[in-house]
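Structure assessment
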Amino acid sequence: MTLRIAPLAILALVALPAQAQQLPVFEAGIAGGGGFLPAYPASDQNRWRGLAVPYIIYRGNVFRADDGGLRARTSLADGIELSVSASGGVNASSDDVTARQGMPDLEWLGELGPNLRFTLWRGEDEAAPQRIVLDTPIRAVFSTDWSSVSFRGFTFAPDIAYEHMHFLSPFARLRISAGVVFGTDRYADYFYDVAPQFARPDRPAYNAQAGYIGSRLSVSYRLPLSERFSVVAGGRVENFSGATNADSPLFRNEWNFSVVAGFAVSLWRSEATVNAASQPFD
């Protein structure tokens, strides 16, 4: 779900623990899902895609690895936390994307980098924890066809989110977020550059530039059905009005829409546990 990454973001979210007050320190399982996703940012074509991946969760006293990425629990200051965040995106065959026919395929994407999180507000109702957070991730982007890896630049994607635990059902989690994405030259090139050898009458050569990529509004809802099984559904609307590369012949639509759904099954859980009530959003 970044929407370069939508399905991976949803799979990470669905891999959260299900109903429990005491959660295992270690947990491993399988998360899967699918959705109707744009071929790339500002594409005019959506495709149905599915994915299943293993997941591992570690809930340590200092370090944690879960849907929030890899992070240290020691805060820099009250309400400020430094973490490592990750995202990704599915591949796309150019044969299936009209605007890119004859061009190289879009490969699987992976993104990794530091994120500074600011907790702007916390609700006072402990029975239904709520918060508003501001994330400011800077990520290096890589692509792969599983035979080689290529560096695709950097993104900066600040995002503000409202989160509500126990929404409509015990241990359910609602998340609504809005953000913008900026990319470097290499990142913009990957989606919008048209090299001279790939130019044709309806697709002139174009040199992509670094800058504003687009904005997005996302919503997701996770519902645990048991201690080991949970489901999630979500969607995203993206707008690319005013994007730096709006003149690219590969820029086809100012609006993108995505819908996704998934599940997670916990297959192994450690006997050692941590108290979920003390860190409701972890």
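Everything quoted here is computed from the prediction, not taken from an experiment. Numbering of residues starts from 1 in each chain and follows the order in which that chain's sequence is written. It should be noted that, the model being predicted, local features are given only for residues of pLDDT at least 70 and side-chain atom pairs only at 80 or more, the latter also being counted only at that level, while totals for whole chains, interfaces and linings use all residues. As a rule here, side-chain values cover all heavy atoms of the structure and leave hydrogens and water aside.

A word on the overall build of the protein chain
For clarity, the threshold we go by: Elements are defined by DSSP. Helices are runs of H or I of four residues or more, strands are runs of E of two residues or more, and each kind is numbered from the N terminus. Calculation of accessible area relied on Shrake-Rupley with a 1.4 Å probe; when residues are assessed, cover is drawn exclusively from the protein chains displayed.
Broken down by element type, the protein chain carries two helices and 15 strands. Carbon and sulfur atoms make up 61% of the accessible area of the protein chain, which totals about 13,000 Å².

Describing helix α2 (residues 185-192)
This is how the line gets drawn: The classification of residues rests on relative accessible area computed with a 1.4 Å probe and restricted to protein chains. Under 20% of the type maximum is buried, over 50% is exposed, and intermediate values are partly exposed. By construction, the arc corresponds to the directions joining the helix axis to the C-beta atoms. In this description, contact between two residues means that some pair of their heavy atoms is separated by no more than 4.5 Å.
Taken together, the buried positions of α2 are occupied by Tyr 187, Ala 188, Tyr 190, Phe 191 and Tyr 192. Take α2 and look down its axis: the buried residues cluster within an arc of 160 degrees, on one side only. Lining the buried residues of α2 we find β7 (108-122), β8 (130-144), β9 (149-156), β11 (173-183) and β12 (211-224).

Re the confidence of the model for the protein chain
The line we're drawing: pLDDT gives the predictor's per-residue confidence on a scale running from 0 to 100.
Residues of the protein chain with pLDDT of at least 70 account for 88%, and the chain-wide mean is 89. Confidence drops under a pLDDT of 50 for residues 1-19, and excluding neighbours within four residues, the segment shows 86 contacts in the predicted structure.

Some words on the layout of surface pockets
This is how the line gets drawn: Points on a 1 Å grid over protein atoms alone make up a cavity when a 1.4 Å probe fits among them but cannot get out, and a pocket when they form an open set with protein on both sides within 12 Å along at least five of seven lines; lining residues each have an atom within 4 Å of a point. Grid points are joined across faces, edges and corners, and a volume is the space filled by probe spheres set on the points.
Taken as a whole, the second largest pocket holds about 260 Å³ of empty space. Taken together, 15 residues make up the lining of the second largest pocket; nearest its centre are Arg 100, Pro 104, Arg 152, Asp 189 and Tyr 190. Looking at the lining of the second largest pocket, the elements that each hand over two or more residues are β9 and α2. Among the elements that make up the lining of the second largest pocket, the one with the highest residue count is α2 (three residues).

Thoughts on a nonpolar patch on the surface
Stated formally: Candidate patch residues must exceed 30% relative accessible area and have no salt bridge, after which like charges are joined if within 9 Å and Val, Leu, Ile, Met, Phe, Trp or Tyr side chains if within 5 Å. Salt bridge, as applied in this entry: a Lys or Arg side-chain nitrogen positioned within 4 Å of an Asp or Glu carboxyl oxygen.
Among the surface-exposed residues, Phe 26, Ile 30, Tyr 58, Val 62, Phe 63, Phe 263, Leu 267 and Trp 268 lie close enough to one another that they form a single nonpolar patch of about 770 Å² accessible area. Every element with two or more residues in the nonpolar patch is listed here: β2 (26-38) and β14 (255-269). Per-element accounting of the nonpolar patch gives the leading share, three residues, to β14. Look at Ile 30 and you get partly exposed, because its relative accessible area is 34%.

Thoughts on unusual backbone geometry
With glycine set apart, most residues show a phi of negative sign, and most peptide bonds adopt trans. Positive phi, normally seen in glycine, also occurs at His 166, with a value near 60 degrees. Position of His 166 relative to the elements: it lies in the loop between β10 (159-165) and β11. Overall, His 166 belongs to the partly exposed group, its relative accessible area being 27%. With phi around 70 degrees, Phe 171 is a residue other than glycine that occupies positive phi space. For Phe 171, the location among the structural elements is in the loop between β10 and β11.

Let's talk about the pattern of salt bridges
Here the structure, examined in full by the defined rule, presents twelve salt bridges. Its salt-bridge partner being Asp 202, residue Arg 200 comes within 2.8 Å of it at the nearest N-O pair. Take Arg 200: its relative accessible area is 31%, and that puts it in the partly exposed class. Ionic pairing is found between Glu 227 and Arg 269, a salt bridge with its closest N-O pair at 3.6 Å. Remark: Arg 269 occurs in strand β14 and Glu 227 occurs in the loop between β12 and β13 (229-239); sequence separation between them is 42 residues.

A word on the pairing of β13
The line we're drawing: By the convention used here, strands pair only if DSSP detects at least 2 bridges between them.
The sheet contact formed by β12 and β13 spans ten bridges and is antiparallel. Paired with Arg 216 across the strands is Glu 238, a residue of β13. Here β12 folds back onto β13, and the loop between the two strands holds four residues.

Overview of the side chain of Arg 139
Defined as follows: Polar contacts, as used here, are pairs of N or O atoms within 3.5 Å; protein pairs need one atom able to donate a hydrogen and one able to accept it. Residues neighboring in sequence count only if both atoms are side-chain atoms.
Examined against the element boundaries, Arg 139 turns out to sit in strand β8. Taking the relative accessible area as the measure of exposure, Arg 139 reaches 10% and is therefore buried. A distance of 3.0 Å separates a polar atom in the side chain of Arg 139 from a polar atom in the side chain of Ser 85.

A word on the packing of aromatic side chains
The test is simple: Only Phe, Tyr and Trp rings take part, Trp by its six-membered ring, and two of them pair if their centres are within 6.5 Å. Stacked means planes under 30 degrees apart, edge-to-face means over 60, and tilted covers everything else.
The tally for this structure, following the rule as stated, stands at 15 aromatic pairs. For the ring pair Phe 36 and Trp 48, a centre distance of 4.8 Å and an interplane angle of 35 degrees mean the geometry is tilted. With Phe 36 in strand β2 and Trp 48 in strand β3 (residues 46-59), this pair connects stretches of sequence that are twelve residues apart. The class of Phe 36 is partly exposed, set by a relative accessible area of 29%. On the basis of an interplanar angle of 25 degrees and a centroid distance of 6.4 Å, the ring pair of Phe 156 and Phe 182 is categorised as stacked. Here Phe 182 lies in strand β11 and Phe 156 lies in strand β9, a separation of 26 residues in the sequence. Members of the aromatic cluster, connected to one another through ring pairs, are Tyr 187, Tyr 190, Phe 191, Tyr 192, Phe 240 and Phe 251.

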